[in-house]
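Fold and geometry: a report
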Amino acid sequence: MILVTCAAGKTGKAIVGALVGAGYPVRAMVRTEKSLESLKKLGVKEALVGNLALFEDVLRATENICSVYYIAPNMDPNERLNGKNIITACQAQKVSRFVFHSVLHTQVEALPHHWERHFVEQSILNAKIPFTILQVGSYMQNMLPAWGQMLETGIHRMAYDVDAPMSLVDLDDVSEAAVKVLADASYANGIFEIAGPIISLKQKAQILSEVLKIEVSAEKEALEDFLRHGKSLGFNDFTLSMMSKMFPYYDENGLVGCDKTLGWILGRSPTSFEAFVRRTAASFS
Ligand SMILES: NC(=O)c1ccc[n+]([C@@H]2O[C@H](COP(=O)([O-])OP(=O)(O)OC[C@H]3O[C@@H](n4cnc5c(N)ncnc54)[C@H](OP(=O)(O)O)[C@@H]3O)[C@@H](O)[C@H]2O)c1
């Protein structure tokens, strides 16, 4: 049985779907009761409610588990505590395979939510559990919540510079790679960048225009406007403070990795942004 944590989130559902699709028995850990039903519909064998910040919940979640796919909450002040809990529980339960869904560039202190993860990665190195760390870039799918608005307004808007380079990766590619890595013990001890091809907002807008046959332009949303909007959507203060550091960092540096490792794991080129747009447009029509 494979445990997937944070299973009801964007990443969790994609990974669970890929594992179930490949025939693996999955136990899903979710934070709230209301998420259980959607996971059962995805075909998991078992689902339980638990909080990663509570050791007893994590110990219960890891009972009789062979492999763990650890997805951490997104931008969480308890990053190190959550990490310590899952690692300690896996040691106690003698888990034989541990894959951490990390982020690209955990070495960067200017991105505190990445930097905190760097400490979790260090603990994994010394945990004496066969591990693999996947350092994953930003998803192409992050634009989907604003897809309809983009079609209506002809503006592809994000809160960073329109020329900033980003190694956007297709979450479907990430999930396919995750299944391969989890299933094959020879990936143990590996720390792999999982990044897609480099692209800027301006280049994305050009591809969106060509594929969708509408005029789409790239626009940087002012950070203050983004944060105000985020607050109105219920983003907590910690998340807003992480985002207020992340977007200026992206303005300056983008977030760029190398897509070769993902290509090697998949045995094919990672999905291009153009292919992602074509697939997405087809799914909406
Ligand atoms: N989004 C990206 O582009 C991207 C790229 C690379 C890596 N990642 C990494 O992927 C991970 C997940 O990101 P995401 O975008 O999928 O986030 P998400 O959609 O917000 O999902 C996060 C999930 O974590 C659950 N959760 C939060 N706190 C928890 C706790 N204390 N105990 C148990 N579960 C808890 C949430 O439950 P509720 O639904 O109840 O809140 C939610 O379902 C993050 O670690 C992120 O760094 C994301």
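As for the pairing of strand 4 (residues 67-71)
- In terms of burial, strand 4 is largely enclosed, as 5 of its 5 residues are buried.
- Pairing of strand 1 (residues 2-4) with strand 4, which is carried by 3 bridges, proceeds in the parallel orientation. Across the sheet, leucine 3 pairs through a bridge with valine 68, a residue of strand 4.
- This β-α-β element, strand 4 to helix 4 (residues 79-92) to strand 5 (residues 97-103), shows right-handed connectivity.

Observations concerning unusual backbone geometry
- With phi around 50°, cysteine 6 is a residue other than glycine that occupies positive phi space.
- Residue position: cysteine 6 is located in the loop between strand 1 and helix 1 (10-21).
- The phi angle at histidine 105 is positive, at roughly 60°, despite the residue not being glycine.
- Among the structural elements, histidine 105 can be located in the loop between strand 5 and helix 5 (112-125).

Structural notes on the side chain of arginine 97
- Inspection of the secondary structure puts arginine 97 in strand 5.
- Here arginine 97 sits buried without a salt bridge, and the closest side chain of opposite charge, aspartate 184, lies 6.8 Å off (N-O distance).
- Polar side-chain contacts of arginine 97 include one of 2.9 Å to the side chain of threonine 132.

Topic: the site of the ligand
- Neighbouring the ligand are 24 residues, the closest being Thr11, Arg31, Ala72, Arg117 and Asn142.
- Here an oxygen atom of the ligand sits 2.7 Å away from a polar atom, N or O, in the main chain of alanine 72.
- Here an oxygen atom of the ligand sits 3.4 Å away from a polar atom, N or O, in the side chain of asparagine 74.
- Look at the ligand: alone it shows 900 Å² of surface, and the protein chains cover 83% of it.
- Examining the composition of the shell around the ligand, we find that 3 residues originate from one element, strand 5, more than from any other.
- Of the residues in the shell around the ligand, the class split is 9 nonpolar, 11 polar and 4 charged.

Describing the pattern of salt bridges
- Applying the stated rule across the entire model yields 14 salt bridges.
- Between arginine 279 and aspartate 172 there is a salt bridge whose closest N-O contact spans 3.2 Å. With arginine 279 in helix 12 (residues 273-284) and aspartate 172 in helix 7 (residues 171-183), this residue pair connects regions lying 107 residues apart in the sequence.
- Taking relative accessible area as the criterion, aspartate 172 reaches 42% and is therefore assigned partly exposed.
- Here the salt bridges do not stand alone but share partners, grouping Asp170, Asp172 and Arg279 into one network.

Here's the deal with the nonpolar core
- The biggest cluster of nonpolar side chains holds 35 residues, and the ones touching the most others in it are Met143, Tyr160, Leu208, Phe247, Tyr250, Phe273 and Val277.
- Broken down by secondary-structure element, the contributors of at least two residues to this core are helix 6 (147-153), helix 8 (201-212), helix 9 (223-232), helix 10 (237-253) and helix 12.
- Look past the residues within four positions of phenylalanine 247 in its chain and what remains in contact with it is Ala159, Tyr160, Leu223 and Phe226.
- In terms of nonpolar packing, the next biggest core, distinct from the first, is built from 32 residues, Ala177, Val179, Tyr187 and Leu266 among them.

Topic: the side chain of asparagine 85
- Mapped onto the elements, asparagine 85 comes out in helix 4.
- Other than its neighbours up to four places away in sequence, asparagine 85 contacts Leu52, Ala53, Leu54, Phe55 and Val58.

Description of the packing of helix 1 against helix 7
- Taken N-terminus to C-terminus, the directions of helix 1 and helix 7 make an angle of 55°; their axes are 9 Å apart at the nearest point. Taken together, helix 1 and helix 7 sit at an angle that is classed as oblique. The crossing of helix 1 and helix 7 is right-handed. Contacts between helix 1 and helix 7 involve Lys10, Thr11, Ala14, Ile15, Ala18 and Leu19 from the first element and Leu171, Ser175, Ala178, Val179 and Leu182 from the second.
- Classifying every residue of the contact of helix 1 with helix 7 gives 8 nonpolar, 2 polar and 1 charged.

Some thoughts on the packing of aromatic side chains
- Evaluation of the coordinates by the stated rule reveals 12 aromatic pairs.
- Measuring from centroid to centroid gives 5.2 Å for tyrosine 70 and phenylalanine 100, while their planes differ by 20°, and the two rings are stacked. In this pair, tyrosine 70 sits in strand 4 while phenylalanine 100 sits in strand 5, placing the two residues 30 residues apart along the sequence.
- For phenylalanine 100, a relative accessible area of 0% corresponds to the buried category.

Rules of the game
Residues numbered from 1 in each chain as written. Predicted model: local features only at pLDDT ≥ 70, side-chain atom pairs only at ≥ 80, totals over all residues. Heavy atoms only, no water. Buried < 20%, exposed > 50% of the residue type's maximum accessible area, 1.4 Å probe, protein only. Helix = DSSP H or I, 4+ residues; strand = E, 2+ residues; numbered from the N terminus. Pairing = 2+ DSSP bridges. Right-handed = clockwise from strand over helix to strand, strands pointing away. Lys, Arg positive; Asp, Glu negative; His and termini not counted. Salt bridge = Lys/Arg side-chain N within 4 Å of Asp/Glu carboxyl O. Polar contact = N/O pair within 3.5 Å; in protein donor to acceptor, adjacent residues only side chain to side chain. Near = heavy atom within 4 Å. Areas by Shrake-Rupley, 256 points an atom, 1.4 Å probe, with all protein chains shown as cover. Nonpolar A, V, L, I, M, F, W, Y, C, P; charged D, E, K, R; others polar. Core = buried A, V, L, I, M, F, W, Y, C linked by side-chain atoms within 4.5 Å. Contact = heavy atoms within 4.5 Å. Axes fitted to C-alpha atoms, helices over the stretch in contact; angles between N-to-C directions. Parallel < 35°, antiparallel > 145°, perpendicular 65-115°, else oblique. Left-handed = near helix turned anticlockwise from the far one by under 90°. Phe/Tyr/Trp six-rings, centres within 6.5 Å; stacked < 30°, edge-to-face > 60°.

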